[in-house]
Amino acid sequence: MKQIPPVDLTRQYQLIKEEADSAVLEILNSGRYIGGEAISSFEREFSNYIGVQECVSCNSGTDALFLALLALNIGSGDEVITTPFSFFATAEVITRVGAKPVFVDIDPATFNLDLAQIEQAITAQTKAIIPVHLFGQPMDMTGLMALAKTNQLLVIEDCAQATGAAWGEEKIGSMGDVGCFSFFPTKNLGACGDGGAITTNNLAIAQQMRILKEHGSPERYRHDFVGINSRIDAVQAVILSVKLPYLDHWNQQRHQAAQYYQELLQHVNSLKLPQALPGGISVWNQYTVCVLSSPQNNKRELLQQKLKEKGIIAMIYYPIPLHLQPVYQDLGYHKGQLPAVEQAALEVLSLPMFPGITPAEQEQVAYALKDCLLEI
Ligand SMILES: *Cc1c(COP(=O)(O)O)cnc(C)c1O
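Reading the values: the criteria
- Residues numbered from 1 in each chain as written.
- Predicted model: local features only at pLDDT ≥ 70, side-chain atom pairs only at ≥ 80, totals over all residues.
- Heavy atoms only, no water.
- Pairing = 2+ DSSP bridges.
- Helix = DSSP H or I, 4+ residues; strand = E, 2+ residues; numbered from the N terminus.
- Axes fitted to C-alpha atoms, helices over the stretch in contact; angles between N-to-C directions.
- Contact = heavy atoms within 4.5 Å.
- Disulfide = S-S within 2.5 Å.
- Buried < 20%, exposed > 50% of the residue type's maximum accessible area, 1.4 Å probe, protein only.
- Domains from an automatic or database assignment.
- Buried area = accessible area lost by both parts, 1.4 Å probe.
- Salt bridge = Lys/Arg side-chain N within 4 Å of Asp/Glu carboxyl O.
- Near = heavy atom within 4 Å.
- Polar contact = N/O pair within 3.5 Å; in protein donor to acceptor, adjacent residues only side chain to side chain.
- Nonpolar A, V, L, I, M, F, W, Y, C, P; charged D, E, K, R; others polar.
- Patch = residues over 30% accessible without salt bridge, like charges linked within 9 Å, V, L, I, M, F, W, Y side chains within 5 Å.
- Areas by Shrake-Rupley, 256 points an atom, 1.4 Å probe, with all protein chains shown as cover.

Attention now moves to the sheet that holds strand 8 (residues 178–182). The strand order across the open sheet formed by seven strands is 1-9-8-5-4-2-3, and the pairing between neighbours is mixed. Either end of the sheet is taken by a strand with one partner, and the two such strands are strand 1 (54–58) and strand 3 (100–103). This sheet shows a mean twist of 25° between the axes of neighbouring strands, independent of strand direction. By the bridge criterion, five bridges tie strand 1 to strand 9 (residues 196–200) in an arrangement that is antiparallel. Across the sheet, the residue bridging to E54 is T200, located in strand 9. Across the sheet, helix 4 (residues 89–96) lies against strand 2 (79–82), strand 3, strand 4 (126–130) and strand 5 (154–158), angled at about 145° from strand 3, the strand it touches most. Contacting strand 1, strand 8 and strand 9, helix 7 (residues 203–212) runs over the sheet at an angle of about 20° to strand 1.

Here the structure, examined in full by the defined rule, presents zero disulfides. Not part of a disulfide, C180 finds its nearest cysteine sulfur in C159, a span of 6.9 Å. C290 carries a free sulfur, and the closest cysteine sulfur to it, the one in C372, is 18 Å from it. For C290, a relative accessible area of 2% translates into the label buried.

Per the domain assignment, the segments making up the protein are domain 1 (9–245) and domain 2 (247–375). Each of domain 1 and domain 2 has a C-alpha centre, and the two are 25 Å apart. Taken residue by residue, the interface counts 44 residues in domain 1 and 42 residues in domain 2. Here domain 1 and domain 2 share an interface that buries about 3500 Å² over both sides, 61% of which is from carbon and sulfur atoms. Among the residues domain 1 hides against domain 2, the three largest losses belong to R11, F103 and F135. Together they make up 20% of the total. Linking domain 1 with domain 2 are one salt bridge, by the criterion used here. A salt bridge links R11 to E361; the shortest N-O distance between them is 2.8 Å.

The next thing to look at is the site of the ligand. Taken together, 13 residues form the shell around the ligand, and within it G61, T62, D158, S182 and K187 come nearest. Within the contact set of the ligand, an oxygen atom lies 2.5 Å away from a side-chain nitrogen or oxygen of T62. In the environment of the ligand, an oxygen atom lies 2.7 Å from a nitrogen or oxygen atom belonging to the side chain of S182. Contributing elements (two or more residues each) for the shell around the ligand: helix 3 (61–71) and helix 4. Across the shell around the ligand, the residue classes tally to four nonpolar, seven polar and two charged.

The subject of this paragraph is a nonpolar patch on the surface. Among the surface-exposed residues, L25, L28, Y33 and I34 lie close enough to one another that they form a single nonpolar patch of about 380 Å² accessible area. By the element assignment, Y33 lies in the loop between helix 1 (9–30) and helix 2 (37–50).

Turning to its location among the elements, D63 is positioned in helix 3. Residue D63 is classed as buried on the basis of its relative accessible area, which comes to 16%. Spatially, the C-alpha atoms of D63 and V93 are 8.3 Å apart, while their sequence positions differ by 30 residues. Not counting residues up to four positions away in its chain, the partners in contact with D63 are C58, I228, N229 and S230.

Put into structure tokens, the structure is as follows:
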């Protein structure tokens with residue numbers, strides 16, 4: 001039986017192999033491996049694509065978030081509201097700058113922050129909100145930006161899983177004060193290594209981020225701040241430049257695959273399928289179903305195991321909500337406090353999803369899922 005992996009990056013590479021190979025060879029032959037035209041070109045192309053004035057490239061999505069917080073002067077004594085249902089980096093950077101993460105429960109229909117509950121979490125110390133467009137599904141940015149404006153809060157969008165997603169007519173990463181992107185290989189626009197970018201229409205913030213990512217140095221060997229070293233290398237930049245024109249097509253393929261899963265699985269009672277919110281365009285970084293379970297009867301783990309025996313690798317993003325992570329014990333959250341995210345953490349299962357997954361493969365996933373569900 002053929003194995004179906006959660007992602008297969010080799011198919012994408014085969015499509016762009018000639019272009020990518022020659023772009024990389026050109027860099028290797030040039031001797032210019034850090035900085036230079038490859039970087040500035042990609043920054044220009046990416047800011048055009050997102051529809052913002054400025055793009056600052058950096059080493060990773062994590063650094064993008066970290067640099068954004070530093071540039072916005074968020075630190076000790078400040079609170080930042082975010083979601084407990086994300087990759088750890090989203091909260092880690094808040095702690096890293098000395099501020100306090102404040103976790104607000106999610107809307108189980110979208111897995112994104114619940115707007116109504118954000119409002120209740122705002123205090124005099126709240127400086128910013130970090131929404132995450134999880135699994136490629138955009139957050140309701142109309143509601144969020146209105147709330148931020150009323151309460152004079154900054155918005156830092158974590159767009160790591162949603163490059164190309166839109167809310168209304170606008171791309172995510174163009175509506176908040178800054179947008180933070182990751183080019184980790186499995187993201188919608190992935191490099192062949194690490195990479196990240198920050199998008200903004202605020203020239204002063206962009207300038208500050210450029211200084212901070214180069215050791216706080218506005219000119220060579222003069223240091224005005226303590227910054228970090230965070231850059232994308234030229235090889236990654238040219239690969240991203242080759243891939244960017246294909247991104248919408250690949251996102252469209254993900255969308256078609258999501259629709260086909262929907263068709264194949266809609267009548268399976270014990271599964272809750274993901275829904276796209278009206279008003280937004282999801283880019284389906286993950287296709288994540290809920291396997292209806294209870295803490296006493298966790299069918300999800302069993303299902304994941306049985307699928308694996310049939311060659312299908314399904315993933316759990318994320319098994320432990322951030323407010324219950326060991327490292328955050330001293331923030332004082334307890335089990336049961338954020339019930340929607342805790343239930344999601346118990347039930348989510350991400351099915352194989354990548355541009356180029358074939359209908360036959362999706363059928364194999366769906367049949368296996370149905371079979372396994374009968375067995376458990
Ligand atoms: C991947 C990811 C990050 C971190 O990006 P890296 O490039 O791996 O540092 C941050 N937030 C979310 C939601 C992510 O999925």
